[in-house]
Amino acid sequence: MEQQHKNKNPIIFAWKQSIPVMLGYIFLGIAFGLLLQNAGYSFLWAFLISVVVYAGSMQFVLVTLLTSGAGLLSAVLMTLFINGRHIFYGLSFVEKYKKMGKAYPYLVFSLTDETYSVLCGTKIPEGMEEKKVFFWISFLDQCYWVLGSVIGALAGSYFTFDSTGIDFSMTALFIVIVVEQWQGAKSHFPALLGAVCGILWLIVLGPDQFILPALCSCVIILLLARRKVFWAEEVA
Amino acid sequence: MNIDTGYSVAVIAVVSLCTILLRAFPFLVFGGKKEVPKTVQYLGAVLPASIMAVLVVYCLRSINFTGMSHWLPAAFSSLLVVGLHLWKKNILLSIGLGTICYMVLVQIVFV
């Protein structure tokens, strides 16, 4: 490790840190681009969305919102629910980011799940400026994501192949996240609660209406069950 | 397919703005003081797992049990993703093979 860090160029150091995200973002970006193109949107839309929204899971849901003609209010609510977790990433960087100078607004904007996890695990070599490394990791990550989505959208429009079922990549992404959270969780109550609320509201209200009531009931039940679940989280 | 440009831009702008506000929220609200309310910390710890489970249900919302072709491809591919991920713990492999499996099932096997 020491040998690798002899190179004092922060861009190269940042790139090395970002390699795992590079593979994931290009691949998932392509899946998003294909999905978006499939819904009738060109690569310019893919570029625009990946630049201004830049949120993996939410962009997949955004395609569903656009194709189903969802209202703006439900777009707001869905974003708050799906990206609400980002609040908690920022919490750990509140102190650190104050010293980041000009890069500060961009670092806040680009704090995705993956960038957060890379930044948490990055040890800055001696003599290298932390803010440069943080900026380049964040920026490169977004470049991969934008690149992947544009490639996906272009591939979808230039190669005519049957992309029926490509939307399962979103399902697979969420299943993978659930499996990872399940293995790391001290209490399985929240995940089971989500599944039960989701299925019950789906049966009651049908596929078009159920998600917001399901998410709201999760929040309410988690707050009511707070003592029980919190106890499990703290003790374990 | 025709795209309603104005509508699409509006939805994208709303989603973008909300995402930015969420990411900026802790810096704006907790930037000065150090202590984060206990309730917020608690929801931060437990809510993501619930949300992701709901999202899986959301993705699988259109399956029904009127015929094998309406549920078997999604059910089998989902189990494959879970199995692959428990086994190899490789995100790209799990998502890639799961998606290919689903595409093969809906395009070739259950036409």
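Here is a short report on the structure shown in this document. All of these numbers come straight from a predicted model, not from anything done at the bench.

Quick notes on the rules
- Residues numbered from 1 in each chain as written.
- Chains lettered and ligands numbered in written order.
- Predicted model: local features only at pLDDT ≥ 70, side-chain atom pairs only at ≥ 80, totals over all residues.
- Heavy atoms only, no water.
- Helix = DSSP H or I, 4+ residues; strand = E, 2+ residues; numbered from the N terminus.
- Rg over C-alpha atoms; globule rule 2.2 N^0.38 Å.
- Buried < 20%, exposed > 50% of the residue type's maximum accessible area, 1.4 Å probe, protein only.
- Contact = heavy atoms within 4.5 Å.
- Areas by Shrake-Rupley, 256 points an atom, 1.4 Å probe, with all protein chains shown as cover.
- Buried area = accessible area lost by both parts, 1.4 Å probe.
- Polar contact = N/O pair within 3.5 Å; in protein donor to acceptor, adjacent residues only side chain to side chain.
- Nonpolar A, V, L, I, M, F, W, Y, C, P; charged D, E, K, R; others polar.
- Core = buried A, V, L, I, M, F, W, Y, C linked by side-chain atoms within 4.5 Å.
- Domains from an automatic or database assignment.

Re the overall build of chain B
Piece 1. Assigned secondary structure in chain B consists of four helices and zero strands.
Piece 2. Counting from the amino terminus, helix and strand elements in chain B follow one another as α-α-α-α.
Piece 3. Its C-alpha atoms give chain B a radius of gyration of 20 Å, clearly above 13 Å, the size a compact globule of 111 residues would have.
Piece 4. When its C-alpha atoms are laid out on the principal axes, chain B stretches across 60 × 45 × 25 Å.
Piece 5. Within chain B, buried positions represent 45% of all 111 residues.
Piece 6. Across chain B, the fraction of contacts at a sequence separation of at least 24, relative to all contacts at a separation of at least 6, is 37%.
Piece 7. Of the roughly 5800 Å² of accessible surface on chain B, 70% is carried by carbon and sulfur atoms.

Overview of the interface of chain A and chain B
Piece 1. In this assembly, 91 residues from chain A lie in contact with 67 residues from chain B.
Piece 2. Taking both partners together, chain A and chain B bury about 7000 Å²; carbon and sulfur atoms supply 79% of that area.
Piece 3. On the chain A side of the contact with chain B, Trp-45, Ile-87 and Phe-168 of chain A bury the most area, a combined 9% of that side's loss.
Piece 4. Summed over the shared surface of chain A and chain B, the result is 13 residue pairs in polar contact (both at pLDDT 80 or more).
Piece 5. The residue makeup of the side of chain A that touches chain B, split by class, is 64 nonpolar, 20 polar and seven charged.

A look at the nonpolar core
Piece 1. In this structure, Phe-60, Val-61, Met-78, Tyr-97 and Ile-211 of chain A are the most contacted members of the largest nonpolar core, which totals 97 residues.
Piece 2. Looking at this core element by element, the count peaks at 12 residues for helix H2 (residues 38-59) of chain B.
Piece 3. A domain-level breakdown of this core finds at least three residues from each of domain 1 (4-167) and domain 2 (185-236) of chain A.

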